[in-house]
Amino acid sequence: MTNASPRADLVMEGGGVKGMAFIGALDVLARAQYRFPRIAGTSAGAIMGSLVAALQHAGEPLTRLSDIAATLDLPRVTDSSAVGRALGPLHGIADAVSLLATGGLHEGKYLRDWLTGVLGDLGVATFGDLRRTDPGSALPPEREYALVVVVSDLSDQRMSLLPWDYGHYGLDPDEQSVADAVGASAAVPYVFRPVRLKTRPEGSASLVDGGLLSNYPITVFDHEDRADARWPTIGIRLSAREHDPAVHAPVGNLLQATSALVETAVHGIDRRHIDDPDAIERTMFVDTSGLSALDFDQSPAQIARLVEAGRTAATKHLAGLAPDDDGAGRPPPH
């Protein structure tokens, strides 16, 4: 990278498996030589954001993101507990017990273990590894980190921005696991168990999907006077504009009802603000309509379509074109 490389803060929306579209969008931005001093995300946005932050920390090209993401075995994300794995085809029994006993059908351990491994290979274990030194920043020193993860705290009924809010729990931000924070942000209620955060003095907090309270934290890094900002913010959404038609999906069994409940909540929180001209100007829209955020059995062809949709949306955004020109940014029909 040269000194002329453009800089931007990066904010990415939550969206479960639809987050694979980030790979295409980020590849376009990487090839345009963008660097991202600060990154924020929710759920899938937090997952991809952590990988981008770690790649930059290691001095690795962001074009490696595709290869790293390919090592994630999507069907294993919906993992059973040790008892469920032992039951084999009857794991659904253990999953149902897990839902009643812990608040989630699936353990979520596979995703956290995968994140721990890939981030560790890039030299990132705790938020201390992602500290920044930026004398010109408008953020206070205690908020100078390359990554901010949005989680919902069920225990205190509040939104937490990690690592910024670890002080609320009596914890040193620099000592906290990045993989655990990101895993908590992706812990969809009822689908995955809440992540337990041990707090001080002795206690715990139950952390789940940040999308319940802010699925698209586009303003998180905004300067008090936007005119004084040293670089722009680029946001990536995995959903259509407010005026686009909603996707009708059947709601029958428990999983479908849970998926519909969560997606309604996360889109409803932020979507009413998206027609703000300032938000639109700095947002690229990747239309992933027709896909469920919780369908982890996507075929390689479907994943490829998501990646291409992200790539096309980013290309048009950088060219200054409207997101729906020529239908670009939309994955081809299944």
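In what follows, the accompanying structure is described.

## Quick notes on the packing of helix 2 (residues 44-58) against helix 7 (residues 109-121)
Viewed as axis vectors pointing N to C, helix 2 and helix 7 meet at an angle of 15°, and their least axial separation amounts to 10 Å. One way to sum up the angle between helix 2 and helix 7 is to call them roughly parallel. The handedness of the crossing between helix 2 and helix 7 is right-handed. Residues Ile47, Ser50, Leu51 and Ala54 of helix 2 form the contact with helix 7, whose own contacting residues are Leu111, Trp114, Leu115, Val118 and Leu119. Its residues assigned to classes, the contact of helix 2 with helix 7 comprises 8 nonpolar, 1 polar and no charged.

## Overview of the packing of aromatic side chains
Scanning all chains against the criterion turns up 4 aromatic pairs. Their ring planes at 75° and their centres at 6.1 Å tell us that Trp164 and Phe221 sit as a pair that is edge-to-face. With Trp164 in the loop between strand 5 (158-162) and helix 8 (178-185) and Phe221 in the loop between strand 8 (203-209) and strand 9 (233-237), the pair connects residues that are 57 residues apart, well separated along the chain. In this structure, Trp164 and Phe221 share a single accessibility class: buried.

## A short note on helix 11 (residues 300-318)
Here helix 11 is 19 residues long and its end C-alpha atoms lie 27 Å apart, about the 27 Å a rise of 1.5 Å per residue gives. Residues of helix 11 that are buried include every one of Gln302, Ile303, Leu306, Val307, Ala309, Gly310, Ala313, Ala314 and Lys316, and no others. In the core, the buried residues of helix 11 are packed alongside helix 1 (21-31), helix 4 (74-77) and strand 10 (283-285). Positioned one or two residues after helix 11, Gly320 has a phi angle of 80°, which is positive.

## Section: the packing of helix 2 against helix 8
Interaxial distance between helix 2 and helix 8 falls to 7 Å at its minimum, and their mutual angle equals 155°. Between helix 2 and helix 8, the crossing angle belongs to the class labelled roughly antiparallel. Considering the relative orientation of helix 2 and helix 8, their crossing is left-handed. Between helix 2 and helix 8, the residues in contact are Ala46, Ile47 and Ser50 and Val178, Val182 and Ser185, respectively. Its residues placed into classes, the contact of helix 2 with helix 8 shows 4 nonpolar, 2 polar and no charged.

## Comments concerning the environment of Arg311
In this structure, Arg311 sits in helix 11. When the C-alpha positions of Arg311 and Leu29 are compared, they lie 9.0 Å apart, and in sequence the two are 282 residues distant. In contact with Arg311, other than residues within four places in its own chain, are Gly24, Ala25, Asp27 and Val28.

## Overview of the nonpolar core
If you look at the biggest cluster of nonpolar residues, it comprises 90 residues, and the most contacted ones within it are Leu26, Phe36, Met48, Trp114, Leu119 and Ile236. Here this core takes 9 residues from helix 2, the largest share from any one element. Leave out the neighbours within four places in its chain, and Leu26 touches Leu10, Met12, Val52, Leu65 and Ile236.

## Notes on helix 8
Within helix 8, 7 of the 8 residues are buried, which leaves it mostly tucked inside the rest of the structure. Between the side-chain oxygen at the start of helix 8 and the backbone nitrogen of Ala179 there is a gap of 3.3 Å, and the oxygen is on Ser177.

## Notes on unusual backbone geometry
Cis geometry marks the peptide bond from Leu162 to Pro163, where omega comes out at 15°. With respect to the secondary-structure elements, Pro163 resides in the loop between strand 5 and helix 8. Of note, the amide linkage connecting Arg200 to Pro201 takes the cis form, showing an omega dihedral of -5°. Within the chain, Gln33 stands out as a residue other than glycine whose phi angle is a positive 70°. Mapped onto the elements of the fold, Gln33 is located in the loop between helix 1 and strand 2 (39-42). By relative accessible area, Gln33 is classed as partly exposed at 36%.

Cut-offs and rules
Residues numbered from 1 in each chain as written. Predicted model: local features only at pLDDT ≥ 70, side-chain atom pairs only at ≥ 80, totals over all residues. Heavy atoms only, no water. Axes fitted to C-alpha atoms, helices over the stretch in contact; angles between N-to-C directions. Helix = DSSP H or I, 4+ residues; strand = E, 2+ residues; numbered from the N terminus. Parallel < 35°, antiparallel > 145°, perpendicular 65-115°, else oblique. Left-handed = near helix turned anticlockwise from the far one by under 90°. Contact = heavy atoms within 4.5 Å. Nonpolar A, V, L, I, M, F, W, Y, C, P; charged D, E, K, R; others polar. Phe/Tyr/Trp six-rings, centres within 6.5 Å; stacked < 30°, edge-to-face > 60°. Buried < 20%, exposed > 50% of the residue type's maximum accessible area, 1.4 Å probe, protein only. Expected span 1.5 Å × (residues − 1). Core = buried A, V, L, I, M, F, W, Y, C linked by side-chain atoms within 4.5 Å. Polar contact = N/O pair within 3.5 Å; in protein donor to acceptor, adjacent residues only side chain to side chain.

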